[in-house]
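Survey of secondary and tertiary structure
Each chain, letter by letter, is given below.
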Amino acid sequence: MTDPPARKSYRIEDLAHRTRTTVRTIRAYQDKGLLPRPERQGRANLYSDIHLTRLHQIAHLLDRGYTLASIKDLLDAWDTGRDLGGVLGLVTEVEGPWTDEEPARITRTELDARFGGAPDEDAVAEAVELGVLEPVDGDPDTFLVPSPQELSVAAELHAAGVPLSAISGHLRELRGQVEHIAARFLEFTTEYVFARYLDDPTHRTDAHAAEAASLVRRLRPLAQQTVDAELARAMRVFAIRHLRTRLGAEDAPEAPGRTRSVDLPTETITAVEHLVGRAHTAAFIALAAEREVNARALDDLAPPRRSCSELGESL
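Things to note about the pattern of salt bridges
- Enumeration over the complete set of coordinates arrives at seven salt bridges.
- Residues D112 and R108 are paired through a salt bridge, measuring 3.0 Å at the closest nitrogen-oxygen approach. Within this pair, D112 and its partner R108 are both found in helix 6 (residues 108-114), separated by four residues, close to a single helical turn. The two residues D112 and R108 agree in class, both being buried.
- A salt bridge links R184 to E187; the nearest nitrogen and oxygen atoms lie 2.5 Å apart. Note that R184 and E187 are positioned in helix 9 (residues 164-199) at a spacing of three residues, about one turn of the helix.
- When salt bridges with common partners are traced through the structure, they connect R108, D112 and E121 into a single cluster.

Structural notes on unusual backbone geometry
- One non-glycine residue, R20, lies in positive phi territory at about 55°.
- For R20, the position within the fold is in the loop between helix 1 (12-18) and helix 2 (23-31).
- The class for R20 is exposed, based on a relative accessible area of 81%.

Details of the environment of D112
- A residue is classified by how much of its surface remains accessible, and D112, at 13% relative accessible area, is buried.
- Residues D112 and V124, twelve residues apart in the sequence, show an inter-C-alpha distance of 9.5 Å.
- Dropping the residues within four chain positions of it, D112 is found in contact with G117, A118 and P119.

Digging into the sheet that holds strand 3 (residues 104-107)
- Read from one edge of the open sheet, three strands run 3-5-4, paired in antiparallel fashion. Looking along the sheet, the strands with just one partner apiece sit at the ends: strand 3 and strand 4 (134-136). With strand direction ignored, the average angle separating the axes of adjacent strands in the sheet is 40°.
- Here strand 3 runs beside strand 5 (residues 139-145); their pairing, made up of four bridges, is antiparallel. Within the sheet, the bridge partner assigned to T107 lies in strand 5 and is T142.

Calculation notes
Residues numbered from 1 in each chain as written. Predicted model: local features only at pLDDT ≥ 70, side-chain atom pairs only at ≥ 80, totals over all residues. Heavy atoms only, no water. Salt bridge = Lys/Arg side-chain N within 4 Å of Asp/Glu carboxyl O. Helix = DSSP H or I, 4+ residues; strand = E, 2+ residues; numbered from the N terminus. Buried < 20%, exposed > 50% of the residue type's maximum accessible area, 1.4 Å probe, protein only. Contact = heavy atoms within 4.5 Å. Pairing = 2+ DSSP bridges. Axes fitted to C-alpha atoms, helices over the stretch in contact; angles between N-to-C directions.

See below:
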């Protein structure tokens, strides 16, 4: 019978060297509860492969933009010392690309040619601010295009006569509305699908994390498919109505019962949800607005109030 392989141990200097960090950082992680305490042997503190793996995991999450506080919450939630391959797979799945579209590169000369041939520094700066273009380090004449499709749409609109400033303004407005749709879809799927993985301690295991990652992979295209279908339906309805109105074939007012989207502050929506529940939020806001409109109409109809001094003078 062979003996089990000897367990590797590291002094803190060796651990820092292997993980490309510093002794001070390792001790800071211990103080914050991100690393388990080392094993004490005589006067020496010895670290194991568990610490080595955990330091690599922390570095991986830091590179993805997580704070130390959020990393601690993540590690605590998924049991300190457990293999975190599943949860890191979930993180990778969520943070991966949500489209099959491949980024491309475009030179400044090619960019100018696609938008009429004349350089427009303001338009380029606006595109960079919006993330439509990303500068390439070390190459000021080249840009990364995260979504070539989005850039092509802008080029087609510009060729059709839409000013670049109007295209940028439209994109800003559209982005806010789409982000609202994305937030609602995430709330919806979290409430009915992912809450059990996030809220139930018995589901905080590697196996359940892998299952959640698989669900993310399956549900990822649903939001875009739903928006595509609804956008196609709405575009047809509004395009027909708009054309008939322009041609004078339809002057009828909007049908009663139609709804319109209105952007409200997140804090307002959250407060109303806490007050009446999510199912009654829309009705509550509509009734509150209607009550305010009716109150103002009554104020306009009522005669102005007379002060006490005015009443005294009239007696």
